[in-house]
Every structure is written in structure tokens, then in C-alpha cells.
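# Descriptive structure summary
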Amino acid sequence: MSSVVARNSRTLFPDIYNPQKQRRTSTFRKPLRQNICTGLLCAGFHRSFAQLFALLQRWEEAEAHPHKLETLQSFLARAETAERAGQYGEVYENHLCLARFFTESEDEWLKHHFFQLALQSARKLKIDSGKREAEANLHIGQIYFVKGQLELAQEHYEEFYHMTLGREWQDTSGRSHHECSCEELGRVYTLLAERLLQKQDCELSIKMLTKAYEMAKESGDSGPKGKAAYRLGLAYQSIGDHTTAKQFLGVYKDISTAREDMDNLGRAYGAIAKSLESSGKQTEAVQYLEKFAEISMSNKQDRNLEKAYTYLGSILNSRVQYDESYVYFKHAYEIACNMASVSRLQKAQVRVGTSHALSMLQAYYKHIEISRRHSIQKIIMWKEKRQDNFIEAM
Amino acid sequence: MSSTINPLANPKGVKTLCELCQKPAKLQCTNCRVTYYCNPDHQQTDWTSIHEKVCPLLVSIHSPPPLHTLQADRERHHRETLKKQEQLIEIAHLEAQKWVSKKSFHHAIPAALLFLRWAMRLYGSHPVKLVPAYLLLAQANIGLDSMSQAREYLTKAEWAVMNTPDCNPTVHHQLHRSLGRLHAATGKYSSALFHFSNDVYYASEVFGLDSIVTFGGYFLMAEVFLKQNKPDVTRSLYTEVACFWHTHLCKLMEGISQSGIQAEDCFGDAQCVEVDQMLRCILEFEEQYQKPRSDQSALLVHSLAMLWLLCNNYTKALEYGKKAEVLIQGSSEQNSMRESIQNLLHYAEKHLQ
């Protein structure tokens, strides 16, 4: 009887003091974050625990993403083992993997945090003469760039630039690190310059743009170099220094011709013409504008063509060549009719009207002064039928 | 003080039991006349432990209520009795804690038992308020090496905690620490680690990652890892604990030197002894490790010196300070530590005169 009870007692009475079962039930009863933290501690990874705990304090919806927590646990544990063995390269790799793992927009702060950690561990690594530290600087710079904190991005990119100066490192796609650094720095400088321009600080913005131009030159890629030259030229124009502006715009024009980039070439001609006009050389300006118009016509770029014609017309207006300016304005008006913008159309209409009027003005006054029957008939005919006979034999 | 009683003389059904062992009682305390003992030894232990302080209170609790005609008066009397009972429980709790921290466990047990019995009478058998009593009893029993008793009390404590779903994390932390200690003492290291890790988790939630309690948990875990033969884990944990204590003590020292107050209130005697033991344990481990680091040893000795200075024991502080100075000559860096050791030596010498 007692033996039966003894045999069945294992199934009759629950085994409340079996530590394995106790631990298994507790994993279901406790929240996931607690299980992961205690898992890390039991395995001896107390630093990973401290880091994870600090992250969890800031991250409220951690429970909803179990796979993220598990990835964090495994990589942090691996990083700690590597750190204890002194292999900072491994630590760097693990932190980098974690940073790349968090791709969603709500996890941006986690990505940032792990890139920072990667930079710190890369700094401790002396063997590969700073290659990983440079890469870490690049990643952090990119994060700050995306966030909009341009000064910090600039700092990190400059460090990256200095580290890659003279070295032959390449990233996974085969592109040189140094080129990459030049490009990124160029972008940062341009954005900073734009910000300064908005604040009306022209001198500093010109300095920034010059730096951007230097970077573009160094990277060896002519496209960004041309664009940087163009922006510099425009900036110099805005402060009134047309000689330097012309210099840079000339560079831009040459690059665009070399690359057979018609769009940019047209813009180059337009900008050069503007600076020529402001410095008083109007004939040359007209020449350049005619070239601009030619290119825009051949490329079927209506907007640019309209701009070119309008500009030509206004220069000729200022030189009192009203007939020619009327012709150009009429062309511009015809193009504006086909475009969708009402304000442009209205402006074109005004210009056509004024230039036509100005061109007829002299003849009209002469006729009124003569005031013979012949001329008055002509004036009346014009008023009635809009027939322009003034320029016939008087 | 005591008078003999004959169990047979009690009214039918009334059994007078000894306070400590619950056997039939032969002696009665003459002051309060409601406490019984089976032999004079038990009475003496109980007297030194707790009875001396609560005897008059017990008298007033057990005295029959006076005849009040008004319901309000009767209620007032009832409330006052309740207050006295709570006071009794408080006194018993504090006394038990004091005995446990002084490590005299056989004195702690009567106090803790009184605490438990009165708390059960007042709050019922399962609520969370009984858990501190259970934990104290368990700790005392672990100290006296009666593991099965300790296990019994801890199981009851666990059951009480399980029955309260929204329990305070502090209670969880204390419970897991006691359970960890029990398992570590009985040699079940993986269970001990499980409980200690839960303890550290709860302690971090309540007190933060950088607190004395959390690092106390780390120290206990390090000991278990050492017994499991994982010295590298132990070393990294010990390094963390040592750094924390060093920073903490430096901060306290700065506070004293800046405000000029006496260093009396930083540590209680028991805490001082505990921290000293902990730091010396870490120092011993560091010295016996295969690749000893002299800057780590210097850090530990410096911490010991600061600790004894804060506990106003200037001779020991001077002794450790000089040792630290010798050790720091070996390492090239740590100029700030050198400076603070110098300051410490000056301070200690000044106070010894």
C-alpha cells in the first residue's frame, strides 16, 4: 500500500522543489526583459547586463520586439567575451553588426548608440593603424548628417578625412575611403554654406563654399567639382565680386562642355552673361545669351529658353534697342503660353506689351507732331485695326 | 524573575508552550506573566534577545480591557491596543535586524520569532508583511548552519510573495538574495546564480545600476563564480566592485574635506566591518591571481584606507595608506590617486595627534 503511494507520489503531488522546473516556470511568468537580463547575468556577462538595462530604461516598447532583444543579448554577450580576451577588433565587429541590425526609423537612437560604441572600441584598437576608427567616424558622421546636426557631422568627417589622407583603404564596394571622405565633406560644407546664406552671412558662406570646391577638386570627380564651381560663382555674384565669379563660372562652363552636359552648359552661359552685364560688358553678355538660347532650343528646354529670351530682351531694352527686344519678348511670350504657370504668362505679357509700346513710341510721337491728314489717318487706322503702318514711308 | 508552573494545573485545553521551542512550559516570567519557557537557558536567551525590551509592552497588551460604557471609548481602547501591537512588532523587527547585522544569530532568532508570531496574529498568515520576518529567520538559520529550517522559512516567504501579484520589487530583491545565499551555502551554484541575477535585476530597478545594493549583489555572484571555477568572470566582477567602491569612497572623502564635517555618519559599525571584509577578500584574490595588477591592488588598499578613515579608525587608515603609497610607486600613472593618498595620510596623522 505504502509502496503504491510512494510510486505514485511523484505524479500525485507536484514537485514544487525541483529547481529546473522552477526556473522554467519562472521564464513564463516573468517579463521577457527580465529573463534576458537574468540570462546575461547567470552567464557572467555583467557589463552587457548593465548596458542592456540602461537601454531598456529608455526603451519602453521593448516587450513587443522579442527578436530584437534576443539579438541584443547574443551580440552583447559576444562583444563582452571578446573584450575580456582583449580582442577589440571582435568587439568592434559585434557593435557594428548591432548598429546595422536596427534599420527601422524608430530605432535610429539605438543605431546611433551602437555606432558610438563601435567608435569607442575602434579607438582602443591599435593594430590596424586606425582603419576601423576611420570607418567608425564615417558612420557617425553619416548619422549626424541625416539628423541635421551639421557641425558634429563636419567634425567626424574631417577626422575621417585626415585619417584617410594618403592611405589606400577601400570599403566593401571597392571605392576609396578618401574619395568618399571628400564627397561627404563637400556635401556638409555646401549645406552649411546654404544655411549661412539664409542667415545672410555671405562671407562665411563663401569660405564654406571654397572649402567645398577644394574637396570636390581633390576627389577628382568632375561633376561635383563643376557644381561646386557654379555655386561659388553665384555666391560671388551675390556679393558683387564679378571677376572672381566669372573665373569660377568659366571653370564650370569648361567642365560642362567637356562632359557634354547641355543643361549645365546653358546655365553656365546664363550666369556668365549676368556677371558680364553687371560689370558693364553688354555686347559680350548678349553673345553669351544667344549661345544660351541656342543650346536651350536644341535641347528643347523651354524654361531655359524663355529665361534666355527674357534676359536678352531686358538687356536690349536697357540699350534702347526696342525693336529687337520686342522680337525676343514675343518669342518668350509664345513659350510661356505653353507652360503651366499663370504668373509667368502674365509677366511675359507685360513685357511684350511694354516693349511693343516702347518700340512704337517714337514713330507715334513723330506722327502726332507732323499732324497732317496722312499721319492722323494712320494713327486712326492703328487705333481701330491695330495695323502698324508707322514705319512705312513718312 | 521566573516562577515554576505545573502544566497539569492549567485549565482544560489551555496549553502553555515555551517561547522558543514550543514544548510544554515549566517556567513563567513573573514580570509579564504571559510568557512561558521550558528551561532557564531559553529564558535567559529570550531575555537578552528581546524580552527585556518588550516585557512591559506585553503586560499592557494582555491586560483586560477596562469597562467602558460608551462605544467610542471601547473603540478608542481597541485602536490603542492595535497601536501597541504594531509598536511591539516594530521593536522586534529592529532588534532582530540589529542582531543579524552583528552576526550573533542565536540572539536574532527569538526576536525574529516574536516578530513573526505577532505579525501573523495581526496580519494573517500570508501577506507580504510577514516576508521580512521569514527572511530574517532564514538568514539567522543560514548563519547557524541549519539549512532545512532556513529552506522552510524561505519557501513560506516565496509563497507569500507569489500570492501578492503587485509586490514591491525591494521585497523580491531581498527574497532572491536570501535564496541565493541559501543555495550558495548548500553548494547548488547554478540555482544560486539564478537567484542572485534576479536579485541584481530587481535591485537595479529599485536602487539604480550604480548603487551599493546592486554591487553587493555582484560581489555575491563573483564568489559563486569563483566556486564554479571561472576565475576570469570573478576577476571582471571584482574589478567592477572595486572601482565602484573606490569612486564612492573618494566622493565621501571629498565631501568631508570640503565641508569639514566629522566622518561619523557615513557608515555604521556593522556595515564598516562588512565592507572591510569584502575589500580584503577582493585584495586576496587579486594577489593570488596569475597575473597580479599592481594598480588594482593599490586601488583596493587605498579604498580600505579611506574606509577606515571614514569609520574614525586612524591607526588602520594610516597603515593602509602607507601600504597604498608603496604600491602606487610601482605604477607610472594615477597621479590623482597619489595626491589623494597623500591627503589621506596628512588627515590621519593630524587626527592621531
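Every value quoted in this text rests on a predicted model; they were computed, and no experiment measured them.

### Some thoughts on the UniProt feature "domain: MYND-type" (unreviewed entry) in chain B
The sites that UniProt annotates as "domain: MYND-type" (unreviewed entry) are residues 18-55 of chain B. With 42% helix and 13% strand, residues 18-55 of chain B has end C-alpha atoms that lie 16 Å from one another.

### Some thoughts on the side chain of D46 of chain B
All names here are of chain B. Here D46 lies in helix 1 (residues 40-62). The side chain of D46 is buried and forms no salt bridge, while R117, the nearest opposite charge, is found at 7.3 Å. Discounting chain neighbours no more than four positions away, the residues touching D46 are E19, L20, T35, Y37, H51 and P110.

### Looking at the state of the cysteines
Residues and elements named next belong to chain B. Inspection of every chain in the model, using the stated rule, returns one disulfide over all chains. One disulfide in the model links C272 with C311; its S-S distance is 2.2 Å. For the disulfide bridge between C272 and C311, the dihedral angle about the S-S bond is near 115°, and by the sign convention the bridge is right-handed. Residue C272 is located in helix 10 (residues 269-288), and its partner C311 is located in the loop between helix 11 (294-310) and helix 12 (314-330); the two are separated by 39 residues in the primary sequence. Look at C272 and you get buried, because its relative accessible area is 4%. Distance from the sulfur of C29, which forms no disulfide, to the nearest cysteine sulfur (C32) is 3.7 Å. With a relative accessible area of 0%, C29 lands in the buried category.

### Thoughts on helix 7 (residues 108-123) of chain A
Residues and elements named next belong to chain A. A rise of 1.5 Å per residue sets the reference length of helix 7, with its 16 residues, at 22 Å; its end C-alpha atoms lie 23 Å apart and thus fit the reference within 8%. Listed as buried for helix 7 are L110, H112, F114, F115, L117, A118, L119, S121 and A122. Contacts made by the buried residues of helix 7 are with helix 4 (46-58), helix 5 (66-85), helix 6 (88-101), helix 8 (131-147) and helix 9 (150-164).

### Re the nonpolar core
F49, L72 and F114 of chain A together with W245 of chain B are the most contacted members of the largest nonpolar core, which has 149 residues in total. Broken down by element, this core gets its largest block of residues, 11 residues, from helix 11 of chain B. Of the residues that make up this core, three or more belong to each of domain 3 (172-229) and domain 4 (245-353) of chain B. What F49 of chain A contacts, discounting residues up to four positions off in sequence, is C37, L40 and L41 of chain A together with V200, Y201, S204, L209 and Y218 of chain B. C29, L58, Y134 and V171 of chain B belong to the second largest nonpolar core, which has 49 residues in total.

### Examining unusual backbone geometry
All names here are of chain B. Here Q22, not a glycine, exhibits a phi torsion of approximately 60°, which is positive. Given a relative accessible area of 41%, Q22 falls into the partly exposed group. In this model, N312 sits at a positive phi of 65°, which is unusual for a non-glycine residue. For N312, the location among the structural elements is in the loop between helix 11 and helix 12.

### Some thoughts on the packing of helix 9 of chain A against helix 10 (residues 177-198) of chain A
All names here are of chain A. For the pair helix 9 and helix 10, the least separation of the axes is 9 Å and the interaxial angle reads 155°. In this view, helix 9 runs roughly antiparallel relative to helix 10, as classed from their interaxial angle. By crossing handedness, the relation of helix 9 to helix 10 is classed as left-handed. In this structure, helix 9 contributes L150, E151, Q154, Y157, E158, F160, Y161 and T164 to the contact, and helix 10 contributes H177, H178, S181, C182, E184, L185, V188, Y189, L191, L192 and R195.

### Considerations on the interface of chain A and chain B
Residue-level contacts link 22 residues of chain A with 26 residues of chain B. Summed over both partners, the interface of chain A with chain B comes to about 2,200 Å²; 62% of that surface belongs to carbon and sulfur atoms. The interface formed by chain A and chain B holds one salt bridge in total. Between R47 of chain A and E240 of chain B there is a salt bridge, with the nearest N and O atoms lying 3.2 Å from each other. Applying the counting criterion to the chain A and chain B interface returns four residue pairs in polar contact (both at pLDDT 80 or more). Listing elements by their share of the side of chain A that touches chain B, those giving two or more residues are helix 2 (19-29), helix 3 (32-42) and helix 4 of chain A.

### A short note on a nonpolar patch on the surface
Residues and elements named next belong to chain A. Taken together, the side chains of L358, L361 and Y365 define a hydrophobic patch exposed on the protein surface, amounting to about 270 Å² of accessible area. Relative to the helices and strands, L361 resides in helix 18 (residues 342-370). Note on L361: relative accessible area 36%, which makes it partly exposed.

### Some words on the packing of aromatic side chains
For the structure shown, the criterion picks out 20 aromatic pairs over all chains. Relative to F53 of chain A, the ring of F49 of chain A has its centre 5.6 Å away and its plane inclined at 40°; by these criteria the two rings are tilted. You can see F49 of chain A and its partner F53 of chain A sitting in helix 4, four residues apart, about one turn around the helix. The exposure classification of F49 of chain A matches that of F53 of chain A, with both residues buried. Centroid distance F285 of chain B to Y289 of chain B: 5.6 Å. Interplanar angle 40°. Geometry classified as tilted. In this structure F285 of chain B comes out as buried when scored by relative accessible area, which is 11%. The class for Y289 of chain B is buried, based on a relative accessible area of 15%. Here a set of aromatic residues connected by ring pairs shows up, and it is made of W59, F101, F102, W109 and F114 of chain A. Sitting over the face of the ring of F75 of chain A, R78 of chain A holds its NZ or CZ atom 4.8 Å from the ring centroid. A cation over an aromatic ring shows up here: K291 of chain A above the ring of Y288 of chain A, its NZ or CZ 4.9 Å from the ring centre.

### Some points on the sheet that holds strand 1 (residues 2-4) of chain B
All names here are of chain B. On the basis of which strands lie adjacent, the open sheet formed by three strands has the order 1-2-3 and antiparallel pairing. Looking at strand neighbours, the two that pair on one side only are strand 1 and strand 3 (36-37), the edges of this open sheet. In terms of strand pairing, strand 2 (residues 27-29) meets strand 3 through two bridges, oriented antiparallel. By the bridge assignment for strand 3, Q28 is matched with Y36. Against the sheet, helix 1 contacts strand 1, strand 2 and strand 3, and its axis sits at roughly 15° relative to strand 2.

### A word on the environment of D276 of chain B
Residues and elements named next belong to chain B. Inspection of the secondary structure assignment puts D276 in helix 10. When neighbours within four sequence positions are excluded, D276 is seen to be in contact with L304, L307 and W308. There is a polar contact of 3.1 Å between the side chain of D276 and the side chain of W308.

### Quick look at the side chain of H112 of chain A
Residue and element names in this part refer to chain A. Residue placement: H112 occurs in helix 7. Only 2.8 Å separates the side chain of H112 from the side chain of K147, close enough to count as a polar contact. Sequence-distant contacts of H112, that is, excluding residues within four places in its chain, are made with I143, Y144 and K147.

### Things to note about the pattern of salt bridges
Working definition: two side chains of opposite charge can pair if their charged atoms are close together. All names here are of chain A. Applying the stated criterion to the full structure yields 19 salt bridges over all chains. Note that R123 is salt-bridged to E133, the shortest N-O span being 3.6 Å. Placement of the pair is R123 in helix 7 and E133 in helix 8, with a sequence separation of 10 residues. On the accessibility criterion, R123 (36% relative accessible area) is partly exposed. Assessed through its relative accessible area of 14%, E133 is described here as buried. Residue E184 pairs with R187 through a salt bridge whose shortest N-O separation is 3.1 Å. Of this pair, E184 and R187 both sit in helix 10, three residues apart, which is roughly one turn of that helix.

About the cut-offs
- Residues numbered from 1 in each chain as written.
- Chains lettered and ligands numbered in written order.
- Predicted model: local features only at pLDDT ≥ 70, side-chain atom pairs only at ≥ 80, totals over all residues.
- Heavy atoms only, no water.
- UniProt positions renumbered as here; feature names shortened; annotations may be inferred.
- Helix = DSSP H or I, 4+ residues; strand = E, 2+ residues; numbered from the N terminus.
- Buried < 20%, exposed > 50% of the residue type's maximum accessible area, 1.4 Å probe, protein only.
- Lys, Arg positive; Asp, Glu negative; His and termini not counted.
- Salt bridge = Lys/Arg side-chain N within 4 Å of Asp/Glu carboxyl O.
- Contact = heavy atoms within 4.5 Å.
- Disulfide = S-S within 2.5 Å.
- Expected span 1.5 Å × (residues − 1).
- Core = buried A, V, L, I, M, F, W, Y, C linked by side-chain atoms within 4.5 Å.
- Domains from an automatic or database assignment.
- Axes fitted to C-alpha atoms, helices over the stretch in contact; angles between N-to-C directions.
- Parallel < 35°, antiparallel > 145°, perpendicular 65-115°, else oblique.
- Left-handed = near helix turned anticlockwise from the far one by under 90°.
- Buried area = accessible area lost by both parts, 1.4 Å probe.
- Polar contact = N/O pair within 3.5 Å; in protein donor to acceptor, adjacent residues only side chain to side chain.
- Patch = residues over 30% accessible without salt bridge, like charges linked within 9 Å, V, L, I, M, F, W, Y side chains within 5 Å.
- Areas by Shrake-Rupley, 256 points an atom, 1.4 Å probe, with all protein chains shown as cover.
- Phe/Tyr/Trp six-rings, centres within 6.5 Å; stacked < 30°, edge-to-face > 60°.
- Lys NZ or Arg CZ within 6 Å of the ring centre and 35° of its normal.
- Pairing = 2+ DSSP bridges.

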